[in-house]
Amino acid sequence: MFFFLTLLSLYRIGRTAPERRREHVTPTCRRLPPDLVANTSKVERTMNQEASLNSRKRKRRNNRRKTEITSTKLSNTTVTHSANLSVKQLPSTSTVFKSSSKPSSFLEKMKAKLSGGHFRMINEKLYTCSGGEALNYFKEDPSLFNMYHTGYQEQMSRWPEQPVNIIMKWLKDHSSSLVVADFGCGDARLAKGVKNKVFSIDLVSNDPSVIACDMSNTPLDSSSIDVSVFCLSLMGTNFPSFLQEAHRVLKQNGWLLIAEVKSRFDPNNGGADPDSFSEAVCDLGFTSVSKDFSNKMFILLYFKKKPKNNSSREITWPELKPCLYKRR
Ligand code: SAH
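Keep in mind that what you see is a predicted model, and the values were worked out from it rather than measured.

Go over helix α7 (residues 163-173), please, and point to the residues and values.
Within the sequence span of α7, burial applies to P163, V164, I167, M168, W170 and L171. Down the axis, α7 shows its buried residues gathered within 160° of arc, on one side only. Turned more than 90 degrees from where α7 packs its buried face, K169, K172 and D173 sit exposed. Where the residues of α7 are buried, they touch α6 (143-156), β1 (180-183), α8 (189-193), β4 (225-231), β5 (250-261) and β7 (298-305).

Here you go:
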């Protein structure tokens, strides 16, 4: 037994390491004929040689690449240094741009979404409450007014034409001596764009020239105004009382100009019938002079105050549906 074991271990030691490895890794080889096994080991050797050659090549290639990267880094450093030298204290603009551009655009997007949401909320509020409630709403937090107007300007920038510009043009085509009351003036663009004396009225005054009040109850004298303007401002649920106030402050034959969102006057889409609205305004003491439906986004109605209002019948006002903006 001992003799047999010694013989076996001598046999194992006698074989080359690759032979032993082959036996372990490719047991099938053992079953192949000896010439094939010889050929296989030849092929294996060639493969091994090729593999080591390839690995050497790869190493050389990697080394070359490393050298290239290092030199690029070095040259970058050189550029940065020379830029720093020439721009002195300024930080490298490319670094600032890269690190700040993405987050800031993301922040900008988030901010825009938030302010868009705030705008839509305030807008809805103004269309669904009375003028008095709207006044209190802004009194509680006047910063909401700026928020509203940022969103409003953003929406208006999408309109091909601004109704306030049409009204401006109308005023320029008439005498600059006409005294104007701009009901719901916003940022008082109308007053800034014409030579006329303009009383600008809104719920909040961010400018000394703007009178802050609910436009159903202004401090303007009766029969003191030549032109009353409502440019996209018939927002409150009590809009007839705004028009009543405009009638009060207007002189005889004074003008009433109304620009309103077209969809509010589209009976096929839940909007008011423009004729019944016009009729109600006439019942208040006006004569309809002209209507302009040519613009895609808004309508323009021109009235004149009757010298005397003989009508005593009760006025039936059509409902003016709120103008709500969609989320974008
Ligand atoms: N006429 C301006 C702004 C239109 S936005 C323009 O065309 O650019 C409508 C404006 O009407 C808002 O500024 C809003 O605050 C104002 N408004 C709405 N209800 C009001 C009320 N009851 N009294 C005074 N202003 C009012």
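Now, about the site of the ligand: what can you tell me, with residues and values included?
Lining the immediate surroundings of the ligand are 17 residues, of which H149, G184, D202, D214 and M215 lie closest. G184 places a main-chain nitrogen or oxygen 2.8 Å from a nitrogen atom of the ligand. Within the side chain of D202, one N or O atom sits 2.6 Å away from an oxygen atom of the ligand. Relative to its free-state accessible area of 570 Å², the ligand is covered by the protein chains to the extent of 97%. The site holding the ligand turns out to be the largest cavity. The element that contributes the greatest number of residues to the shell around the ligand is α6, accounting for three residues. Broken down by class, the residue content of the shell around the ligand amounts to ten nonpolar, five polar and two charged.

Summarise the layout of surface pockets; cite the residues concerned and give the values.
In this structure, the largest pocket encloses a volume near 400 Å³. Along its surface, the largest pocket is lined by 15 residues, and S263, M297, C323, L324 and Y325 are the ones closest to its centre. Here the lining of the largest pocket is composed, by residue class, of seven nonpolar, two polar and six charged.

The rules behind these values
Each chain has its residues counted from 1, following the order in which its sequence is written. Only residues with pLDDT of at least 70 get local features here, since the model is predicted, and only at 80 or more are side-chain atom pairs given and counted; chain-wide, interface and lining totals rely on the full set of residues. The side-chain values count all of the structure's non-hydrogen atoms but skip hydrogen atoms and water molecules. Only protein chains enter the area calculation, which uses a 1.4 Å probe; residues under 20% of their type maximum are buried, those over 50% are exposed, and those in between are partly exposed. By definition, any uninterrupted DSSP run of H or I lasting at least four residues is a helix, any uninterrupted run of E lasting at least two residues is a strand, and each is numbered from the N terminus. What the arc covers is the set of directions going from the helix axis to the C-beta atoms. Between two residues, a contact is recorded if the distance between any of their heavy atoms is within 4.5 Å. Whether a residue is near a molecule or strand depends on its heavy atoms: if one lies within 4 Å, it is near. Polar contacts, as counted here, are pairs of nitrogen or oxygen atoms within 3.5 Å of one another; within protein the pair requires one atom able to donate a hydrogen and one able to accept it, and residues that are adjacent in sequence qualify only if both atoms are side-chain atoms. Using a 1.4 Å probe, the Shrake-Rupley method yields the accessible areas, and only the shown protein chains count as cover for residues. Cavities and pockets were defined on a 1 Å grid built from protein atoms only: a cavity is a group of points that admits a 1.4 Å probe but offers it no way out, a pocket is an open group of points flanked by protein on both sides within 12 Å along at least five of seven lines, and a lining residue is one with an atom within 4 Å of any such point. More than half of a molecule's atoms within 2 Å of the grid points is what it takes for that molecule to sit in a cavity or pocket. Ten residue types, Ala, Val, Leu, Ile, Met, Phe, Trp, Tyr, Cys and Pro, are classed as nonpolar, four, Asp, Glu, Lys and Arg, as charged, and the remainder, Gly among them, as polar. Grid points are joined across faces, edges and corners, and a volume is the space filled by probe spheres set on the points.

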